Amino acid sequence: MRTTSYFIATLRTGALVAALSATAGASALAQSRANPALSGKAFDLVPYAGYMVFGDYVKGPLGTSLTNAPAPVFGAQLGMRLAPNVSLVGNVATTKSDIEVGVPILGGLSVAQSRLLLYDAGLQLDIPVTTMGGASFAPFVQAGAGAIRYDISQSVLSAKATNFAANVGLGADVALGNGLGVRLMAKDYIGKFDFKDATFIDVSGETAHSFAFSAGLRLSF
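What you see as residue numbers is a count from 1 along each chain, following the sequence as written. With the structure being a predicted model, the display of local features is reserved for residues of pLDDT at least 70 and the display and counting of side-chain atom pairs for 80 or more, all residues being used for whole-chain, interface and lining totals. Working from all heavy atoms in the structure, the side-chain values ignore hydrogens and water.

## Things to note about the environment of Asp 188
Then step 1. Its location among the elements puts Asp 188 in strand 10 (residues 180-191).
Then step 2. The spatial distance from the C-alpha of Asp 188 to the C-alpha of Phe 211 is 4.6 Å, given a sequence separation of 23 residues.
Then step 3. Two residues form a contact once any of their heavy atoms are found within 4.5 Å. The residues touching Asp 188, leaving out its near neighbours within four places in the chain, are Ala 166, Asn 167, Val 168, His 209, Ser 210 and Phe 211.
Then step 4. Among the polar contacts made by the side chain of Asp 188, one reaches the side chain of His 209 at a distance of 2.9 Å. Counting from the N terminus, the helices are DSSP H or I runs at least four residues long and the strands are E runs at least two residues long. N or O atoms within 3.5 Å of each other form a polar contact, as long as, within protein, one can give a hydrogen and the other can take it, and as long as residues adjacent in sequence are counted only when both atoms are side-chain atoms.

Here you go:
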């Protein structure tokens, strides 16, 4: 009788250990799929598309302002893992947008066309993997610095300007499979438009916050 009891207890213990091991293994697999840092992947490549909303470069009298009109943005980001939760990231993006003068009642009046090239580098900090609604996702924050290159044209006239821009970003990687996921991100570009570089007029502009909201496909390798 006692031998039988020991045998049954041993079986129960073994079953419990197996169940816990299976649960831990499934959790680790889900986390590795969501976060390349846990799966041994060294690089992330994220081509993306989104929408960019620009801050005011100048605020004039009677509520007037100068800015770029909201426009689609396209780009790609490459990340290289430096530590389990830290990556070095490089980003390049482009958008085409009208430069507008904001006038009360009349709204935005287009005064020129511009093509923008954004390029920057920084660090990404991954936050521990979270599961919500059965989907695994890995939140992250980014911070860096770079520049925004403006190529401005109006009829036969043209001008160029390159402005320093710091940036901060917040997003999350949603797992689709091993080495594959979707990246959602919001990024704030912070800088001033260099009027002297573009127009030779020494005007001190506002510190503008321009926001890029994007979604992309994350490829880890």
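## Some details on the packing of aromatic side chains
Then step 1. Stacked, edge-to-face and tilted labels apply to pairs of Phe, Tyr and Trp rings (six-membered ring for Trp) whose centres lie within 6.5 Å, assigned for plane angles under 30 degrees, over 60, and everything in between, in that order. Counted by the stated rule, this structure contains 5 aromatic pairs.
Then step 2. For the pair Phe 43 and Phe 221, a centre-to-centre distance of 5.7 Å together with 20° between the ring planes defines the contact as stacked. With Phe 43 in strand 1 (residues 43-53) and Phe 221 in the segment after strand 11 (208-220), this residue pair connects regions lying 178 residues apart in the sequence.
Then step 3. Considering the side-chain rings of Tyr 150 and Phe 193, the 4.9 Å spacing of their centres and the 85° angle between planes classify their relative orientation as edge-to-face. Highlighted residues: Tyr 150 in strand 8 (residues 135-154) and Phe 193 in the loop between strand 10 and helix 2 (195-199), separated in sequence by 43 residues.
Then step 4. Categorising residues by exposure relies on relative accessible area from a 1.4 Å probe, with only protein chains included: less than 20% of the type maximum marks a residue as buried, more than 50% marks it as exposed, and the intermediate range marks it as partly exposed. Classification of Tyr 150 as buried rests on a relative accessible area of 3%.
Then step 5. One aromatic cluster is present, formed by Tyr 57, Tyr 150 and Phe 193 through successive ring pairs.
Then step 6. Here the basic side chain of Arg 183 rests over the ring of Phe 140, its NZ or CZ set 4.6 Å away from the ring centre. Here, over-ring charges are defined by two tests on the NZ atom of lysine or the CZ atom of arginine: distance to the ring centre within 6 Å, and angle to the ring normal within 35 degrees.

## Observations regarding the nonpolar core
In summary, soluble globular proteins display a tendency toward joint burial of nonpolar side chains.
Then step 1. Remark: nonpolar core denotes a set of buried residues (Ala, Val, Leu, Ile, Met, Phe, Trp, Tyr, Cys) joined through side-chain atoms within 4.5 Å. Grouped together as the largest cluster of nonpolar side chains are 20 residues, with contacts concentrated most on Met 52, Tyr 57, Leu 118, Ile 148, Tyr 150 and Phe 193.
Then step 2. Only strand 1, strand 5 (86-103), strand 6 (107-126), strand 8, strand 9 (157-177) and strand 11 provide two or more residues apiece to this core.
Then step 3. Excluding residues that lie within four positions of it along the chain, Ile 148 makes contacts with Leu 116, Leu 117, Leu 118, Ala 161, Thr 162, Asn 163, Ala 165 and Tyr 189.

## Focus: the pattern of salt bridges
Then step 1. Any Lys or Arg side-chain nitrogen located within 4 Å of an Asp or Glu carboxyl oxygen qualifies as a salt bridge. Under the counting rule described, the total for this entry stands at 5 salt bridges.
Then step 2. Notably, a salt bridge pairs Asp 151 with Lys 160, separated by 3.1 Å at the nearest N-O pair.
Then step 3. As a salt-bridge pair, Asp 173 and Arg 183 come within 2.7 Å of each other at their nearest N and O atoms. In this pair, Asp 173 is assigned in strand 9 and Arg 183 in strand 10, connecting sequence segments 10 residues apart. Here Asp 173 and Arg 183 have matching classes, each one buried.
Then step 4. If you follow the salt bridges from partner to partner, you end up with Asp 44, Arg 81 and Asp 126 in one network.

## A few points about the confidence of the model for the protein chain
Then step 1. Across the protein chain, the average pLDDT comes to 82, with 74% of residues at 70 or higher.
Then step 2. Under a pLDDT of 50 for its full length, residues 13-33 has, in the predicted model, 9 contacts with residues more than four places off or in other chains. For every residue, the predictor reports its confidence as pLDDT, a number between 0 and 100.

## Quick look at the pairing of strand 11
Then step 1. The criterion for strand pairing is that DSSP finds at least two bridges linking the strands in question. As judged from the 8 bridges shared by strand 1 and strand 11, these two strands associate in the antiparallel manner. Pairing of Leu 45 across the sheet is with Leu 219, part of strand 11.
Then step 2. Summarising the sheet, strand 10 and strand 11 pair through 12 bridges and their orientation is antiparallel. For Gly 181, the partnering residue across the bridge sits in strand 11 and is Arg 218.

## Things to note about the environment of Thr 207
Then step 1. Mapped onto the elements, Thr 207 comes out in the loop between helix 2 and strand 11.
Then step 2. Note: C-alpha distance between Thr 207 and Ile 190 (17 residues apart in sequence) is 6.8 Å.
Then step 3. Ignoring any residue separated from it by four or fewer positions in sequence, one finds Thr 207 in contact with Ile 190, Gly 191 and Lys 192.

## Concerning the pairing of strand 3 (residues 65-68)
Then step 1. Where strand 2 (residues 58-59) and strand 3 come together, 2 bridges link them in antiparallel fashion. The residue of strand 3 that forms the bridge with Val 58 is Leu 66.
Then step 2. In the sheet, strand 3 pairs with strand 5 via 4 bridges, with the strands oriented antiparallel. Across the sheet, the residue bridging to Thr 67 is Glu 100, located in strand 5.

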